[in-house]
Amino acid sequence: MAEPDILALHAEAQPDKLALILDDRRLTYAELNRRANRAAHGLRRLGMRPGDRVASMSLNSIEGFEMAHAHRKTGVVGVPINFRLRAAEVAHVLNDSGARAVFAGPDFVPVIEAALPALEARPVLVAYRGGGASGWLDYGELLAAEPETNFERAGESGLGATMIYTSGTTGRPKGAFRRAGFPVEAALEAIQVFGLTPEDVHLMAGPGYHSAVAFFGALTSVLAATIAILPRFDAERALQVIERDRVSTTFMAPTLLRRIMDLPEAVRAGYDVSSLRALILGAAPCPFELKERAVGYFGEVLWEFYGATETGVNLVLRPEEQLSHPGSAGRPSPSSEVLLLDAEGHPVPEGTPGRLWVRGASLAEYHNNPDATQASMRDGFFSVGDIAYRDGDGYYHICDRAVDMIISGGVNIYPAEIEAGLAAHPAVRDVAVIGVPDDEWGEAVKAIVELQPGASVSQDDLIAWCRERLAGYKRPRSVDFVEALPRGLDGKLHKRELREKYWAGAGRRV
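Residues numbered from 1 in each chain as written. Predicted model: local features only at pLDDT ≥ 70, side-chain atom pairs only at ≥ 80, totals over all residues. Heavy atoms only, no water.

Novice: Help me get a handle on the overall build of the protein, residues and values and all.
Specialist: Assigned secondary structure in the protein consists of 16 helices and 28 strands. Computed over its C-alpha atoms, the radius of gyration of the protein comes to 23 Å, within 12% of the 24 Å expected for a compact globule of 510 residues. Overall, the C-alpha framework of the protein stretches about 65 × 55 × 50 Å when taken along its three principal axes. Within the protein, contacts between residues at least 6 apart in sequence are counted, and of these 68% link residues at least 24 apart. With an accessible surface of roughly 20,800 Å², the protein has 50% of that area assigned to carbon and sulfur atoms. Averaging the locations of the 54 positively and 67 negatively charged side chains of the protein gives two centres separated by 3 Å. (Helix = DSSP H or I, 4+ residues; strand = E, 2+ residues; numbered from the N terminus. Rg over C-alpha atoms; globule rule 2.2 N^0.38 Å. Contact = heavy atoms within 4.5 Å. Areas by Shrake-Rupley, 256 points an atom, 1.4 Å probe, with all protein chains shown as cover. Lys, Arg positive; Asp, Glu negative; His and termini not counted. Charge placed at Lys NZ, Arg CZ, Asp CG, Glu CD.)

Right, dumping it as structure tokens:
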């Protein structure tokens, strides 16, 4: 017997409850369920079966939520694509995931079109709200041809299977795959930990391809609460929506919070944000000075958690702990076990940094990459390479990374991909890419370049070279030139030595 579909249950029990808000559009749970049923029937008519991958590339939208529910109903695996990726990067995600269908917003149809020649198999193409080129189906027409009857759920238990591409220990993005979806018990734990309720209005502030943004949106739907959608983040628009819709919860990376706090004080003072009771931070460390400013404006509503696409929520810092435990990412969530181990795998004493390993209710595997999965596992514990220490009160502090990954604006960036792009430039002999301190983004991408003998090229030339080949957020913001990069006799690049110069005096390591 198929597991009941929670959206259908909400639609029956609370048909007039407001589910989604986007500008002047409003959808009740009954309306959302009817449209999600149409989308599910449409997926089936297109030949999609349980376990098939269906990719999407779009700004935050009502259609995106309709499709997310249709994914669960049909048992297909959702593959959100970062809408800042370029054609070659998109092609890798589509090929690696084996996506059989792609849904795209009108702004991103040209990007998918540009990726098509590099695909191993042509997927079914569907465009939201028009804008489709030749060979594309129209989403509205797809739904109009299908019935509204409830679609008997074919998926696994949980919030629905997903494959979210994230940087890790190789230069190309890897698909963090939860084939059975995010467990119900883990979702219920997060609801309890963060104090979420059915009366909440949740602001979807960040991009839906980000795992945490999607996760908190899904939790809101589980509760039959309301989601107010920002298609794309704008700081003052966020305050307008908080006031207009009496928003009570939101998740955002620290970069987005900084944009709000950097608005002129007179602008911020013009909005009533008293309804907000939980502003949840994650995806990157939040500077203490930013927390102080935010508490002064919003009140004691800040939450912070440490986690990863692969591991879920692992450490939590509550509102009353934000200013009393500076630099801390919190204490373990109820279902998380945390280990700090040295290079030999031995536990480190209190106050001593060690690699952070977690075991919890939900761990992902890397699709098509069992070696990477195995390399990240140890006795049932998973590590994304972060270094942390535990203080005397049991709070964990993230202080460094064992791997080279850069986190800028809450987005994972792996240097190897950028280094490969720069190394293809004829003037470049050797290159290293690192993250350096940045007040707005947390880290900024910097390239350190050794030129070929007699060659000459400018910083702007190399950044322009990257602009043509990589997503904008990956390209270096600055380039330094050196006579020789620090490599050992084994040829290994000593990135820690490179980073020291830039992080000295920053008061943090990540």
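The discussion continues.
Novice: Any chance you could break down the sheet that holds strand β11 (residues 226-229) for me, citing the residues and the numbers?
Specialist: The sheet built from nine strands is open, its strands ordered β2-β1-β11-β10-β12-β13-β14-β15-β16 with mixed pairing. Two strands lie at the open edges of the sheet, namely β2 (25-28) and β16 (331-332), each paired on one side alone. In this structure, strand β13 (residues 278-281) lies alongside strand β14 (residues 302-308), joined through three bridges in parallel fashion. Of the residues in β14, the one forming a bridge with Leu-281 is Glu-304. The sheet contacts of helix α2 (residues 29-45) involve β1 (18-22) and β2, and relative to β2 the element is tilted by about 85 degrees. (Pairing = 2+ DSSP bridges. Axes fitted to C-alpha atoms, helices over the stretch in contact; angles between N-to-C directions.)

Novice: Pulling in residues and values, what's your account of a positive patch on the surface?
Specialist: Taken together, the side chains of Arg-84, Arg-86, Arg-232, Arg-467 and Arg-477 present a region of like positive charge at the surface. Within the fold, Arg-477 resides in the loop between α15 (459-467) and β28 (478-481). (Patch = residues over 30% accessible without salt bridge, like charges linked within 9 Å, V, L, I, M, F, W, Y side chains within 5 Å. Salt bridge = Lys/Arg side-chain N within 4 Å of Asp/Glu carboxyl O.)

Novice: Run through the pairing of β13, naming residues and quoting values.
Specialist: Two faces belong to every sheet, and in a regular strand the side chains alternate between them. Residues Ala-278 and Ile-280 of β13 are buried on one face, and the alternating residues Leu-279 and Leu-281, pointing to the opposite face, are buried as well. Pairing geometry for strand β12 (residues 249-252) and β13, over four bridges, is parallel. Bridge pairing in β13 places Phe-251 opposite Ile-280. (Buried < 20%, exposed > 50% of the residue type's maximum accessible area, 1.4 Å probe, protein only.)

Novice: Which residues make up empty space enclosed by the protein, and what values do they have?
Specialist: Tallied over the entire structure, the rule returns four cavities of 30 Å³ or more. Approximately 130 Å³ is the volume found for the largest cavity. What lines the largest cavity is a set of 17 residues, and nearest its centre among them are Phe-182, Ala-186, Glu-189, Val-313 and Ser-335. The dominant element in the lining of the largest cavity, judged by the number of residues it contributes, is helix α7 (residues 184-193), at four residues. (1 Å grid on protein atoms, 1.4 Å probe; cavity = no way out; pocket = protein on both sides within 12 Å on 5 of 7 lines; lining within 4 Å. Points joined across faces, edges and corners; volume = space filled by probe spheres on them.)

Novice: Pulling in residues and values, what's your account of the sheet that holds strand β26 (residues 428-438)?
Specialist: Adjacent strands of a sheet form backbone hydrogen bonds with each other and so pair up, either parallel or antiparallel. One open sheet holds the three strands; their spatial order is β26-β27-β28, and the pairing between them is mixed. Each edge of the open sheet carries a strand with a single partner, namely β26 and β28. Between one strand axis and the next, the sheet turns through 30 degrees on average, direction left out of account. One ladder, built from 10 bridges, connects β26 with strand β27 (residues 442-451); its direction is antiparallel. Within β27, the position partnered with Pro-437 by the bridge is Glu-443. Sitting on the sheet, helix α14 (residues 415-423) is in contact with β26 and β27, with an inclination near 140 degrees to β26.

Novice: How would you explain the nonpolar core if you had to name every residue and give the values?
Specialist: Counting 50 residues, the largest nonpolar core has Met-57, Ile-81, Val-90, Leu-94, Ile-112, Leu-422 and Val-433 as its most contacted members. Setting aside residues up to four positions removed in sequence, Ile-112 forms contacts with Met-57, Val-90, Val-102, Ala-104, Leu-125 and Trp-136. (Core = buried A, V, L, I, M, F, W, Y, C linked by side-chain atoms within 4.5 Å.)

Novice: How would you explain unusual backbone geometry if you had to name every residue and give the values?
Specialist: If you check the backbone angles, Asp-23 has positive phi at about 55 degrees while not being a glycine. With respect to the element layout, Asp-23 can be found in the loop between β1 and β2. One non-glycine residue with positive phi stands out, namely Asp-379, at about 55 degrees. Summarising the element assignment, Asp-379 is placed in the loop between β20 (377-378) and β21 (381-382).

Novice: How would you summarise the pattern of salt bridges if you had to cite specific residues and measurements?
Specialist: Applying the stated criterion to the full structure yields 27 salt bridges. Put simply, Glu-66 and Arg-35 hold a salt bridge, and the shortest N to O gap is 2.4 Å. You can see Glu-66 sitting in helix α3 (residues 62-74) and its partner Arg-35 sitting in helix α2, a full 31 residues away along the chain. Glu-89 is paired through a salt bridge with Lys-474; the nearest N and O atoms lie 2.7 Å apart. Here Glu-89, found in helix α4 (residues 87-97), pairs with Lys-474, found in the loop between α15 and β28; they are 385 residues apart in sequence, far enough to count as distant. Among the residues examined, Glu-89 registers a relative accessible area of 7% and is labelled buried. Given a relative accessible area of 4%, Lys-474 falls into the buried group. What emerges from the salt-bridge pattern is a single network uniting Arg-258, Asp-262, Glu-289 and Arg-293.

Novice: Hey, could you go over the layout of surface pockets for me, with residue numbers and the actual values?
Specialist: Taken as a whole, the second largest pocket holds about 520 Å³ of empty space. Looking at the lining of the second largest pocket, the elements with two or more residues in it are β12, α10 (254-261) and β27. Each residue belonging to the lining of the second largest pocket can be placed in one class, and the counts come to 17 nonpolar, seven polar and five charged. (Nonpolar A, V, L, I, M, F, W, Y, C, P; charged D, E, K, R; others polar.)

Novice: An account of the packing of aromatic side chains is needed here, citing residue identities and associated values.
Specialist: Ring pairs (aromatic) are described by centroid distance and by the angle formed between their planes. As enumerated under the stated definition, the model contains 14 aromatic pairs in all. Ring geometry for Phe-103 and Tyr-139: centres 6.4 Å apart, planes at 80 degrees, overall edge-to-face. With Phe-103 in strand β5 (residues 101-104) and Tyr-139 in helix α6 (residues 139-144), this residue pair connects regions lying 36 residues apart in the sequence. According to the relative accessible area criterion, Phe-103 is buried, its value standing at 1%. A relative accessible area of 2% places Tyr-139 in the buried class. Consider the rings of Phe-194 and Phe-216, whose centres lie 5.4 Å apart with planes at 70 degrees: the pair is edge-to-face. (Phe/Tyr/Trp six-rings, centres within 6.5 Å; stacked < 30°, edge-to-face > 60°.)

Novice: Could you give an account of α3, with specific residues and numbers?
Specialist: With 13 residues, α3 should reach 18 Å at 1.5 Å per residue; the first-to-last C-alpha distance of 19 Å fits that figure. Among the 13 residues of α3, 11 are classified as buried, and the element is accordingly described as predominantly covered. Listed as buried for α3 are Ile-62, Glu-63, Phe-65, Glu-66, Met-67, His-69, Ala-70, His-71, Arg-72, Lys-73 and Thr-74. (Expected span 1.5 Å × (residues − 1).)

Novice: Provide a residue-level description of the packing of helix α1 (residues 6-13) against α2, including the pertinent values.
Specialist: For any two helices packed against each other, one specifies the crossing angle of their axes together with the interaxial distance. For the pair α1 and α2, interaxial distance at closest approach is 8 Å and the crossing angle is 140 degrees. What the angle tells us is that α1 and α2 run oblique. Of the two possible hands of crossing, α1 and α2 adopt the one that is left-handed. When α1 is examined against α2, the residues Leu-7, Ala-8, His-10 and Ala-11 are found in contact with a partner set consisting of Tyr-29, Ala-30, Leu-32, Asn-33 and Ala-36. (Parallel < 35°, antiparallel > 145°, perpendicular 65-115°, else oblique. Left-handed = near helix turned anticlockwise from the far one by under 90°.)

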